[in-house]
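For reference, the chains in residue letters:
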Amino acid sequence: MAEIIATIDVGTNTAHLLLSAVTEQGDAMPMHSETRFVRLGQGIDASGTVHPDALERLRHTLSEFAAISRKAG
């Protein structure tokens, strides 16, 4: 069975999950991806800080990504 690795990219507006299977040769073969809109930049220009609602959206998204990753192995 191939090793599965998860990569998460968090940006200003979105969070991306990429699950890849690592072959015996060391190549990463994408097998699943998801994107969620977390809008971390919400109101940051006006306040200079990340809005609590944005942090909660990110926390929720990361929890979902963790569950998806666990299910994939």
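Residues numbered from 1 in each chain as written. Predicted model: local features only at pLDDT ≥ 70, side-chain atom pairs only at ≥ 80, totals over all residues. Heavy atoms only, no water.

Describe unusual backbone geometry, and please don't skip the residues or the numbers.
A positive phi angle is found at Arg-39, which is not glycine, with a value near 50°. You can see Arg-39 is positioned in the loop between β3 (28-37) and α1 (44-47). (Helix = DSSP H or I, 4+ residues; strand = E, 2+ residues; numbered from the N terminus.)

I'd like to hear about the pattern of salt bridges, residue by residue, with values.
Oppositely charged side chains are able to pair whenever their charged atoms sit close together. A full pass over the atoms with the stated rule returns three salt bridges. Taking the shortest distance from any N to any O, the salt bridge between Arg-36 and Glu-34 comes out at 2.6 Å. (Salt bridge = Lys/Arg side-chain N within 4 Å of Asp/Glu carboxyl O.)

Can you break down helix α2 (residues 52-72) residue by residue, with the values?
Spanning 21 residues, α2 covers 30 Å between terminal C-alpha atoms, matching the ideal 30 Å at 1.5 Å per step. By the burial criterion, the buried members of α2 are Ala-54, Leu-58, Thr-61, Phe-65 and Ser-69. Buried residues of α2, seen end-on, are gathered within an arc of 80° and therefore sit on one face of the element. For α2, the exposed residues lying more than 90 degrees away from the buried face are Pro-52, Arg-70 and Lys-71. (Expected span 1.5 Å × (residues − 1). Buried < 20%, exposed > 50% of the residue type's maximum accessible area, 1.4 Å probe, protein only. Arc of directions from axis to C-beta.)

Explain the sheet that holds strand β2 (residues 14-22) to me, and be specific about the residues and the numbers.
Strands sit in the order β1-β2-β3 across an open sheet of three strands; the sheet is antiparallel. In the strand order of this sheet, the two ends are held by β1 (3-10) and β3, each with one partner. Strand-to-strand, the axes of this sheet are offset by a mean angle of 15°, without reference to chain direction. With respect to the sheet, α2 is in contact with β1, β2 and β3, its orientation differing from that of β2 by roughly 15°. (Pairing = 2+ DSSP bridges. Axes fitted to C-alpha atoms, helices over the stretch in contact; angles between N-to-C directions. Contact = heavy atoms within 4.5 Å.)

Hey, could you go over the nonpolar core for me, with residue numbers and the actual values?
Ala-15, Leu-17, Leu-19, Val-38, Leu-40, Ala-54, Leu-58 and Phe-65 together form the largest nonpolar core, which totals eight residues. Only β2 and α2 provide two or more residues apiece to this core. Aside from chain neighbours lying at most four places away, what touches Leu-17 is Ala-6, Thr-7, Ile-8, His-32, Ser-33, Glu-34, Phe-65, Ile-68 and Ser-69. (Core = buried A, V, L, I, M, F, W, Y, C linked by side-chain atoms within 4.5 Å.)

Tell me about a nonpolar patch on the surface, residues and numbers included.
The grouping of Ile-8, Val-10 and Leu-62 at the surface amounts to a nonpolar patch, some 210 Å² of accessible area in total. By secondary structure assignment, the location of Ile-8 is in strand β1. The exposure class of Ile-8 is partly exposed, given its relative accessible area of 40%. (Patch = residues over 30% accessible without salt bridge, like charges linked within 9 Å, V, L, I, M, F, W, Y side chains within 5 Å. Areas by Shrake-Rupley, 256 points an atom, 1.4 Å probe, with all protein chains shown as cover.)

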